[in-house]
2 protein chains.
Amino acid sequence: MLCRTVVLGPGLLGGSLGLALAEQGHETVVWGRRPAPLDYLSNIAPRALRTEIDLTKASQDAELIVLATPIGVMPDLLECLVATKALAPEVVITDVGSVKGPIVEHATALLKGTGAHFVGSHPMAGSEASGIEAARKDLYTDALCLITPVPETDAGALAKVRDFWGTLGMRLHETSPAEHDQIVARISHMPHALASLVVAAALEKEPSWAAFAAGGLRDTTRVASGDPAMWAEILLENRQAVLVALRDSQDRLQDLIGRMESGQIEPLQRFLLEAKALRDTHIVPRC
Amino acid sequence: MLCRTVVLGPGLLGGSLGLALAEQGHETVVWGRRPAPLDYLSNIAPRALRTEIDLTKASQDAELIVLATPIGVMPDLLECLVATKALAPEVVITDVGSVKGPIVEHATALLKGTGAHFVGSHPMAGSEASGIEAARKDLYTDALCLITPVPETDAGALAKVRDFWGTLGMRLHETSPAEHDQIVARISHMPHALASLVVAAALEKEPSWAAFAAGGLRDTTRVASGDPAMWAEILLENRQAVLVALRDSQDRLQDLIGRMESGQIEPLQRFLLEAKALRDTHIVPRC
């Protein structure tokens, strides 16, 4: 049986987490600031799930707290939990944020000496949808969860967090916060930013040309339909690593333009062939 | 009943065309240089389809010829047809190429005074697969075909080509070769080149990081698994328009980097929001 878990934030990730835990019969509280998403969640959730609008009431008996708000809100929320003494002794706190360096550093420093422990997590689940209406109990099943301990991380807290995500059927991988942020900058944040760029470069001049687009443009730009407020926060939070990846992309674009200008087919073909080889070898096709 | 049609080139597009025509009972010849794809096609096609390895024999009685080879081969193939006097009087020739300016200009000049007529077509069907093994009889159904007449285009030939694609269940749209090439540079060729760039920028440094990628990177880069030889030819053939779109992308990337460097969330959010609005309004979701 899992320990008593409190999920802070009733969005796609927090709501799905609540549904998955309650489905398994685990006693779960989901906290949110506004009543509407909580009411919605109450109506669709199994009875093991309770919603709560008072942060102190929600958190005071928790053994595990999962921060599932937008990442920009997490530091304030943590500070609020500490200031209101809403944390039980030895509570373990984790999160679902897409950037790990800043939150791990902030939480580790903030919780030092309080008896509470923080372990950073990034369950790689979600979609271009957002909000409680998109929540589903199987969002985490079979997906990958990156866990980012640091040398100061409490071993018991780490074990608890591993168990927690494992119980939801996630595959686990541990890495440092810094490497995590470099990885996601390359495989997620930079590609997301360039997908938005492609939409604008393809359509801004003449939006009606979209009528001539086939599946290629639709798939290439799918992620650009994601929530702009959430993604702006993510990109800025991971600014340093994303900028490295974007400047690398800038160099590659200059190189590509040079190959096009040369009018020679061989260098252009090599550019496309190397990308195809990397993709066909390393990116798993849709099943 | 359609006129006697000859398809030159037994790849994904030519093979699918042969299958679709023969399925409707239309007498169809598919020509290719090598026996293997022709044998493969013979084995899976209805009886109305005949294959032929001799270009003159294949073409001499045709009323409609469809060039379905890689675009780099088309000019030589046309010259060969003219030089060997393999064209029946008043034959109509069209093609399936993704770039229209060069082939329309070349064919119109070459066929002047021969009695044969050329009308450029771009049936927007296909996928990242290629070759006869990927051919299927419904590839063209409900897809869009861009037809690119010029002032010199023969009205009867244009009507015949419209009828031809219409019989296969395609939606038709007419535009000039120059506008066609600008459209596809923006909605297809530039996005394709950037998808390849994203693969390299995401994975070249550390290919194993692909294990952490979710559906976003897979979809964003899907087209980069296309045939490099074919796409290098397309990009170079449409070099001028693609370079305009790539240089525009370069300006937009510089702008995006500036917004990231500023550390301000509002300009970054606006960048993402404008792309989302364009995409959600104009790009049709997968059904």
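Everything quoted here is computed from the prediction, not taken from an experiment.

A. Expanded view of the overall build of chain A. Broken down by element type, chain A carries eleven helices and nine strands. Across its three principal directions, the C-alpha atoms of chain A cover 70 × 40 × 30 Å. If you take every contact in chain A between residues at least 6 apart in sequence, the share linking residues at least 24 apart comes to 72%.

B. Looking closely at the pairing of strand S8 (residues 144-148) of chain A. Residues and elements named next belong to chain A. Burial of S8 is extensive: four of the five residues sit out of reach of the surface. Bridging between strand S7 (residues 120-123) and S8 involves four bridges; their strand directions are antiparallel. By the bridge assignment for S8, His122 is matched with Leu146. The pairing of S8 with strand S9 (residues 171-174) spans four bridges and is parallel. Note that in S9 the partner of Leu144 across the bridge is Arg171. Once the chain exits S8 it traverses helix H6 (residues 155-167) before rejoining the sheet at S9, and the crossover so formed is right-handed.

C. A look at the relation of the copies chain A and chain B. For the match of chain A to chain B, the screw axis carries a shift of 0.0 Å, the RMSD comes to 0.0 Å, and the turn is 180°. The operation mapping one copy onto its partner corresponds to a two-fold rotation axis. Minimal C-alpha separation from the rotation axis in chain A is found for Thr220 of chain A, amounting to 1.9 Å. A high fraction, 100%, of the interface residues of chain A reappear at the interface in chain B, so the copies pair face to face through one surface.

D. Molecular detail of the packing of helix H10 (residues 239-262) of chain A against helix H7 (residues 177-203) of chain B. Look at H10 of chain A against H7 of chain B: their axes get within 10 Å of each other, and the N-to-C directions meet at 130°. Here H10 of chain A lies oblique to H7 of chain B, going by the angle between them. In the crossing of H10 of chain A with H7 of chain B, the sense of the turn from one axis to the other is right-handed. Here H10 of chain A contributes Ala245, Asp248, Ser249, Arg252, Leu253 and Leu256 of chain A to the contact with H7 of chain B, which in turn contributes Ala193, Leu197, Ala200 and Ala201 of chain B. Of the residues that constitute the contact of H10 of chain A with H7 of chain B, the class distribution is seven nonpolar, one polar and two charged.

E. Broad picture of the domain arrangement of chain A. Residue and element names in this part refer to chain A. Here chain A is partitioned into domain 1 (5-175) and domain 2 (179-282). Computed over C-alpha atoms only, the centres of domain 1 and domain 2 are separated by 31 Å. In this complex, domain 1 contributes 14 residues to the contact, which on the side of domain 2 involves 14 residues. Within the residue set of the side of domain 1 that touches domain 2, elements represented by two or more residues are helix H5 (101-111) and S8.

F. Local environment of unusual backbone geometry. Residues and elements named next belong to chain B. With a phi angle near 50°, Lys85 is a residue other than glycine that sits in the positive phi range. With respect to the helices, strands and loops of the structure, Lys85 is situated in the loop between helix H4 (74-83) and strand S5 (92-95). The exposure class of Lys85 is exposed, given the 11 C-beta atoms found within 10 Å. Residues other than glycine seldom take positive phi values, yet Asp142 does so here, at roughly 70°. Within the secondary structure layout, Asp142 lies in the loop between strand S7 (120-123) and strand S8 (144-148). Judged by the 10 C-beta atoms lying within 10 Å of it, Asp142 falls in the exposed class.

G. Broad picture of the environment of Pro70 of chain B. Residue and element names in this part refer to chain B. Mapped onto the elements, Pro70 comes out in the loop between strand S4 (64-67) and H4. In this structure Pro70 comes out as partly exposed when scored by C-beta crowding, with 18 C-beta atoms within 10 Å. Here the alpha-carbon distance between Pro70 and Trp231, two residues 161 residues apart in the chain, equals 9.5 Å. Apart from residues lying up to four places away in sequence, Pro70 is in contact with Met230 and Glu233.

H. Representation of the interface of chain A and chain B within the structure. At the junction of the two partners, chain A supplies 78 residues and chain B supplies 78 residues. Among the secondary structure elements, those contributing two or more residues to the side of chain A that touches chain B are S8, helix H7 (177-203), helix H8 (215-220), helix H9 (228-237), H10 and helix H11 (265-282) of chain A. Examining the composition of the side of chain A that touches chain B, we find that 18 residues originate from one element, H7 of chain A, more than from any other. Its residues assigned to classes, the side of chain A that touches chain B shows 49 nonpolar, twelve polar and 17 charged.

I. Here's a closer look at the pairing of strand S5 (residues 92-95) of chain A. Residues and elements named next belong to chain A. Burial of the side chains of S5 extends over both faces: Val92 and Thr94 are buried on one face and Ile93 and Asp95 on the other. Both strand S4 (residues 64-67) and S5 contribute to a ladder of four bridges, which runs parallel. Directly across from Leu64, in S5, lies its bridge partner Val92. What joins S4 to S5 is helix H4 (residues 74-83), and the crossover it makes is right-handed. In terms of strand pairing, S5 meets strand S6 (residues 117-118) through two bridges, oriented parallel. Among the inter-strand pairings, Val92 is bridged to a residue of S6, identified as His117.

J. Just the sheet that holds strand S1 (residues 5-8) of chain A, in detail. What the six strands build is an open sheet, ordered S3-S2-S1-S4-S5-S6 (chain A); its pairing is parallel. Either end of the sheet is taken by a strand with one partner, and the two such strands are strand S3 (49-52) and S6 of chain A.

K. Structural detail: the packing of H7 of chain A against helix H11 (residues 265-282) of chain B. Packing of H7 of chain A against H11 of chain B brings their axes to within 9 Å, and their N-to-C directions diverge by 60°. Here H7 of chain A lies oblique to H11 of chain B, going by the angle between them. The interaxial crossing formed by H7 of chain A with H11 of chain B has left-handed handedness. Counting all contacts with H7 of chain A, which are made through Ser196, Val199, Ala200 and Leu203 of chain A, the residues of H11 of chain B involved are Phe271, Leu272, Glu274, Ala275, Leu278, Arg279 and His282 of chain B. Of the residues belonging to the contact of H7 of chain A with H11 of chain B, the class tally is seven nonpolar, two polar and two charged.

How each quantity is defined
- Residues numbered from 1 in each chain as written.
- Chains lettered and ligands numbered in written order.
- Predicted model: local features only at pLDDT ≥ 70, side-chain atom pairs only at ≥ 80, totals over all residues.
- Helix = DSSP H or I, 4+ residues; strand = E, 2+ residues; numbered from the N terminus.
- Contact = placed C-beta atoms within 7 Å.
- Buried ≥ 20, exposed ≤ 12 C-beta atoms within 10 Å, placed from the backbone.
- Pairing = 2+ DSSP bridges.
- Right-handed = clockwise from strand over helix to strand, strands pointing away.
- Least-squares fit on C-alpha atoms with pLDDT ≥ 70 in both.
- Axes fitted to C-alpha atoms, helices over the stretch in contact; angles between N-to-C directions.
- Parallel < 35°, antiparallel > 145°, perpendicular 65-115°, else oblique.
- Left-handed = near helix turned anticlockwise from the far one by under 90°.
- Nonpolar A, V, L, I, M, F, W, Y, C, P; charged D, E, K, R; others polar.
- Domains from an automatic or database assignment.

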